[in-house]
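# Structural characterization, general
Okay, here's what each chain looks like letter by letter:
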Amino acid sequence: MHKSIMESIGRLIKEELERQERSVTWFANKLSCHRTNVYDIFARDNIDITLLIRISHILNRNFLKDISDHLEEGLQAREA
């Protein structure tokens, strides 16, 4: 898990797209947007929850769980 997931959500999305060997054009078509919007998503350090849910469905990866797991780890570290 990345150290600061919230600072890199766009990077995580990009890495997942690359891991699946999917193109930016494919992803843009699935999101019903232009390719430039996809590059904007990759650069983001925060993202609208509705968009993240759509992206999670498209890429078949639960980014919300990734964020939740990261939050839980941080909370446990604070308790220790």
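Report on the accompanying structure. Predicted model, so just to flag it, every value in this text is computed and none were measured.

## Let's talk about the nonpolar core
- Of all hydrophobic cores here, the largest spans 17 residues; its most connected members are Ile-13, Phe-27, Ile-47, Ile-55 and Phe-63.
- Taken together, the elements giving at least two residues each to this core come down to helix H1 (9–19), helix H2 (24–31), helix H3 (35–43) and helix H4 (49–59).
- Those residues in contact with Phe-63 that sit more than four places away from it in its chain are Ile-9, Leu-12, Ile-13, Glu-16, Leu-52, Ile-55 and Ser-56.

## Brief notes about the packing of aromatic side chains
- Scanning all chains against the criterion turns up one aromatic pair.
- Ring geometry for Tyr-39 against Phe-42: centres 6.0 Å apart, planes inclined by 85 degrees, an arrangement best described as edge-to-face. One end of the pair, Tyr-39, and the other, Phe-42, are both in helix H3, three residues apart, so they sit about a helical turn from each other.
- Given the relative accessible area of 12%, Phe-42 is considered buried.

Quick notes on the rules
- In this convention, every chain numbers its residues from 1, walking through the sequence in written order.
- Totals for whole chains, interfaces and linings use all residues, but because this is a predicted model, local features are given only for residues with pLDDT of at least 70 and pairs of side-chain atoms are given and counted only at 80 or more.
- Only hydrogens and water are set aside; all other atoms, that is, all heavy atoms of the structure, feed into the side-chain values.
- Side-chain atoms within 4.5 Å link the members of a nonpolar core, which is a set of buried Ala, Val, Leu, Ile, Met, Phe, Trp, Tyr and Cys residues.
- Under the scheme applied here, a residue whose accessible area is under 20% of the maximum for its type counts as buried, over 50% as exposed, and between as partly exposed, the area being computed with a 1.4 Å probe on protein chains only.
- A run of H or I in DSSP becomes a helix once it reaches four residues, and a run of E becomes a strand once it reaches two; helices and strands are each numbered from the N terminus.
- Here, residues are in contact when the closest pair of their heavy atoms is within 4.5 Å.
- Side-chain rings of Phe, Tyr and Trp (the six-membered ring for Trp) are treated as a pair once their centres are within 6.5 Å; stacked means planes under 30 degrees apart, edge-to-face means over 60, and tilted covers the remaining angles.

It is worth stressing that arrangement in space is one thing and function is another; only the former is reported here.
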